[in-house]
Amino acid sequence: MAKALIVYYSQSGNTKKMAAAVAEGIKKEGQEAVVKDAEKTKAAEFLGYQAIIIGSPTYYGTMAAPIKKLFDDSVEFHGQLEGKIGAAFASSANIGGGNETTVLDILNAMLIHGMIIQGDPHGDHYGAVSISSPDARATKQCSRMGERIARLMKRLA
């Protein structure tokens, strides 16, 4: 069974709730998901997973500092994440709060690592987003993301 690592940073608990919904989607498809707080995660842990899914609140249109630190630390493993699956999700305080720029910021770092990114033509295209606490729509998108990543994990295994 392939494993996915879901790393999040959350001060208010909103992004943490999203991470749990992503994990439920992965588990629904019969794959293993490990959910970890970014501040308790080391970049070296990325090496042990087939999929790495990162969630961040939106701070000035970009990822939170603990998430950025993980990517900065991952430079030591540049090239070793190639071929792993990557995905991102974000929360913000309001509808124009920068969710998509945050998701794209995370995906940019993953692409530089050579990771595989899967868009969603029918859901949140770049990655799941939430305005404040995840409502039913955002929770569904997070679970959908998890299910889609798990199916991709199976195909690539």
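We now turn to the structure provided with this report. (Residues numbered from 1 in each chain as written. Predicted model: local features only at pLDDT ≥ 70, side-chain atom pairs only at ≥ 80, totals over all residues. Heavy atoms only, no water.)

**Some thoughts on the packing of aromatic side chains**
Any pair of aromatic rings gets described here by the distance separating the centres and the angle formed by the planes. For the record, the criterion: By convention, a stacked pair of Phe, Tyr or Trp rings (six-membered ring in the case of Trp) has centres within 6.5 Å and planes under 30 degrees apart, an edge-to-face pair has planes over 60 apart, and any other such pair is tilted. Placement of a charge over a ring requires the Lys NZ or Arg CZ to be within 6 Å of the ring centre, with the centre-to-atom vector within 35 degrees of the ring normal.
Per the counting criterion, the structure on display carries zero aromatic pairs. In this structure, K3 packs its charged tip against the face of Y49, placed 5.0 Å from the ring centre.

**Quick notes on helix α2 (residues 65-73)**
Stated precisely, the cut-off is as follows: Relative accessibility under 20% of the residue-type maximum defines a buried residue, over 50% an exposed one, and the middle range a partly exposed one, all with a 1.4 Å probe and only protein chains included. Working definition: helices are DSSP H or I runs of at least four residues, strands are E runs of at least two. Numbering for both runs from the N terminus. The arc under discussion is defined with respect to the helix axis, by the directions toward the C-beta atoms. Contact definition: two residues touch when any of their heavy atoms are within 4.5 Å.
Of the positions making up α2, those classed as buried are P66, I67, L70 and F71. Along the long axis of α2, the arc covered by the buried residues comes to 145 degrees, so they all point the same way. Of the surrounding secondary structure, the elements contacted by the buried residues of α2 are β1 (3-8), β3 (51-57) and α3 (99-112).

**As for helix α1 (residues 14-28)**
Rules: How far a helix is expected to stretch is found by multiplying one less than its residue total by 1.5 Å.
The terminal C-alpha atoms of α1, which comprises 15 residues, lie 21 Å apart, in line with the 21 Å expected from a rise of 1.5 Å per residue. Buried within α1 are the following residues: N14, T15, M18, A19, A21, V22, A23, G25 and I26. Summarising the contacts, the buried residues of α1 are in contact with β1, β2 (32-37), β3, β4 (85-92), β6 (129-131) and α4 (136-156). G30 sits one or two residues past α1 and shows a positive phi near 80 degrees.

**Here's the deal with the side chain of S92**
As a reminder, the rule being used: Identification of polar contacts relies on pairs of N or O atoms within 3.5 Å, with a donor-acceptor requirement for protein atoms, meaning one able to donate a hydrogen and the other able to accept it, and with residues adjacent in sequence counted only if both atoms are side-chain atoms.
With respect to the helices and strands, S92 occurs in strand β4. Take S92: its relative accessible area is 8%, and that puts it in the buried class. A distance of 3.2 Å separates a polar atom in the side chain of S92 from a polar atom in the side chain of N99. Aside from chain neighbours lying at most four places away, what touches S92 is T58, G97, N99, S130, I131 and S132.

**Comments concerning the pairing of β3**
Here is the rule we go by: At least two bridges found by DSSP between two strands is the condition for calling them paired.
Most of β3 sits inside the fold, with seven of its seven residues counted as buried. Residues A51, I53, G55 and P57 line one face of β3 and the alternating positions I52, I54 and S56 line the opposite face, and both faces are buried. Here β3 pairs with β4 via seven bridges, running parallel. Counted as the bridge partner of P57 is S91 from β4.

**Examining unusual backbone geometry**
Even without glycine at this site, Y60 takes up a positive phi of about 55 degrees. By secondary structure assignment, the location of Y60 is in the loop between β3 and α2. Residue classification places Y60 among the exposed positions, given a relative accessible area of 86%. In this structure, S132 is a non-glycine residue whose phi angle is positive, near 60 degrees. Checked against the element boundaries, S132 lands in the loop between β6 and α4.

**A word on the packing of α1 against α4**
Quick note on the threshold: For helices, the axis comes from a line fit to the C-alpha atoms of the stretch in contact; other axes are also lines fit to C-alpha atoms, and the angle between any two N-to-C directions lies between 0 and 180 degrees. For classification purposes, an angle smaller than 35 degrees is called roughly parallel, one larger than 145 roughly antiparallel, one from 65 to 115 roughly perpendicular, and anything else oblique. Crossing chirality is assigned from the near helix's rotation relative to the far helix, an anticlockwise turn below a right angle marking it left-handed and a clockwise turn marking it right-handed. Three categories are distinguished: nonpolar for Ala, Val, Leu, Ile, Met, Phe, Trp, Tyr, Cys and Pro, charged for Asp, Glu, Lys and Arg, and polar for the others, with Gly belonging to the last.
Viewed as axis vectors pointing N to C, α1 and α4 meet at an angle of 40 degrees, and their least axial separation amounts to 7 Å. The orientation of α1 with respect to α4, classified from their angle, is oblique. The way α1 lies across α4 gives a crossing that is right-handed. Of the residues in α4, those touching α1 at M18, A21, V22, G25, I26 and K28 are T139, C142, S143, M145, G146, E147 and A150. Partitioned by chemical class, the residues of the contact of α1 with α4 number seven nonpolar, four polar and two charged.

Bear in mind that shape data such as this cannot, by itself, settle questions of function.
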